[in-house]
Amino acid sequence: MVNFDLEQLPTVHTDVIVIGAGIAGLFTALRSAEKHKVLMVTKKSLLDSNTRYAQGGIAAVISDEDSPAYHRQDTLIAGAGLCSSTAVDVLVHEGPAGVEDLIGLGTEFDMEDGRYALTKEGAHSQRRILHAQGDATGAEIVRALSEKTKQDPNIEIWDDHFVIDLITHEGECFGAIVQKPSGAKVFVKAKATLLCTGGAGQLFRYTTNPDIATGDGIAIAYRAGARIRDVEFIQFHPTALCYPGAPRFLISEAVRGEGAVLRNINGERFMERYHPQLELAPRDVVARAIVSEMENTKSTFVYIDFTHESEEGVKQRFPTIYETCLHYGLDLSSDWIPVAPAAHYMMGGVETDLHGETTVKRLFACGEVSSTGVHGANRLASNSLSEAIVFGRRIVERINELPPVGSTPPIAEFKRSHEQAIQPVVEKKLKLQKLMLRYAGLVRNGKGLAKGYEELKRHLAIFDSSLSKREEYEFANLLICALLTTEAALIREESRGGHYREDFPERDDLVWRKHTVFSRGNGTTEGRIDDV
């Protein structure tokens, strides 16, 4: 995205670069640091990530009544035919050991009668969700891991730094170009580069994600030549707070798991009209049911009703949600809470193997940025934190086997052909978010997707501009993600999981049980379909 001369840039040497924080970045950094020197690069701080906002918990087979076979079946059903069964097997069998790792690193999960308290969430057949401080699981995990990370002498942390691009040669990654807070650039050379950059919720006007979730990892990997897979599958969380002046704060699925019901603005329960699992149906079903009710009742929200629970019970189980709602004058124990769907999670991402390695050698992806094959077309609730731990462990195993990186590739200088000042990107970003919500949101059709794709392409001139600020890089990365997501959604002429086409409302396994894959080579984009 920028001009650089590799021979003129200062070079920093390390063994492993971890780009991003969150559970994926923190965990892989700690495990890598047992044998390697690690540099963590965050564009804000260790505490700014999607993980921090994760409420429900982490899914793993802990109970005697549960089994990996049950967890496997639930994950495959939710994934709507696009999961990799081998990746799912890895997740369900190695998940419990991953949870033990977290506990060993200081994470304190909630206990009940001397055992770990387990809850149930949508599309799970068993109670297998461990949680912390009721509804602050992500924050507790980040607390524990970040404390250990700061204390580790083998980990150096660069806060407020931005990774612009990767340095690759003949399909191998040698490190990254990083911009310092001063604007100066540096080449960080490493044996292994890990993308732990989270998702792309900021593609949409309404999202549960923080403002850092701008799809950087996917865009960076795409420019580096890695394969990007299944990015049409965006999960919209059904129940985000929808109230004037309030952010789209997540009302955890665990609230429905504990018995909360959904009502339209007329006070009627409605999920029985849409799915036999009622409020605990898969997320895509619940989200579309809510949109349908909103349209039928000409409303911008529905209600979640948890008033059957005692005030004490609500405060104990969901303290963060209770306090947040109360801040806006809403009492979870006595009021129906207005909610609506919001962009939450990207099922697709940078394609990896079972050890987290991408199609570019020495480049790894972990967490939401990756496409391991676990989530398929629709992520099962609380599998995301498990995935980050399980595949984080495997990534470190692979890194430990890597030979030292060779000499710096012969890329002396890179110059873009055009340089011009860029217009302010704040308005551009808002237009992109509104466009994506309108044409590539929860309900899509071919005409709208084609129109949206053409409108997005008008912004491509940004790549002829001189970029220098974080928000400019972020917008460029969002634009790449938006184009890939829209094109993938246009290609897939069926409805499956988090992708719903009203012009092709049925799932079509005969034709479309396939992956959409994009890769960039020699300046061109190849989009193709791979069989599952």
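Look up: the structure comes first, before these words.
Parameters at a glance
Residues numbered from 1 in each chain as written. Predicted model: local features only at pLDDT ≥ 70, side-chain atom pairs only at ≥ 80, totals over all residues. Heavy atoms only, no water. Pairing = 2+ DSSP bridges. Helix = DSSP H or I, 4+ residues; strand = E, 2+ residues; numbered from the N terminus. Axes fitted to C-alpha atoms, helices over the stretch in contact; angles between N-to-C directions. Buried < 20%, exposed > 50% of the residue type's maximum accessible area, 1.4 Å probe, protein only. Polar contact = N/O pair within 3.5 Å; in protein donor to acceptor, adjacent residues only side chain to side chain. Contact = heavy atoms within 4.5 Å.

Q: Explanation requested: the sheet that holds strand β10 (residues 155–158) in the structure shown.
A: Sheets are built from strands that pair by backbone hydrogen bonding, the pairs being arranged parallel or antiparallel. The sheet built from five strands is open, its strands ordered β10-β4-β3-β14-β21 with parallel pairing. The sheet is open, and its two borders are formed by β10 and β21 (363–365), each paired with just one other strand. Ignoring which end each strand starts from, the neighbouring axes of this sheet average 20° apart. For strand β3 (residues 16–19) and strand β14 (residues 192–195), the ladder comprises four bridges, and the chain directions are parallel. Within the sheet, the bridge partner assigned to V18 lies in β14 and is L194.

Q: Can you walk me through the pairing of strand β19 (residues 337–346) in this structure?
A: Look at any regular strand and the pattern is simple: side chains alternate between the two faces of the sheet. β19 sits mainly inside the fold: 10 of its 10 residues count as buried. Looking at chain direction, strand β16 (residues 234–241) and β19 are connected through six bridges and run antiparallel. By the bridge assignment for β19, L241 is matched with V339. For strand β18 (residues 302–305) and β19, the ladder comprises three bridges, and the chain directions are antiparallel. Opposite I304, over in β19, you have I337 as the bridge partner.

Q: I tried to follow the side chain of T28 on my own but got confused; where do I start?
A: Within the secondary structure, T28 is located in helix α1 (residues 22–32). For T28, a relative accessible area of 0% translates into the label buried. A polar atom in the side chain of T28 sits 3.3 Å from the backbone oxygen of G25. Among residues more than four places away in sequence, those in contact with T28 are V18, L194, C196, C366, G392 and V396.

Q: What is the right way to read the sheet that holds strand β11 (residues 162–169) from this model?
A: Strand order in the open sheet formed by four strands is β2-β13-β12-β11, with mixed pairing between adjacent strands. The outermost strands of the open sheet, each flanked by one partner alone, are β2 (11–13) and β11. Averaged over all neighbouring strand pairs, the angle between strand axes comes to 30°, with direction disregarded. Relative to strand β12 (residues 172–179), β11 runs antiparallel, the two sharing seven bridges. Of the residues in β12, the one forming a bridge with D165 is I177.

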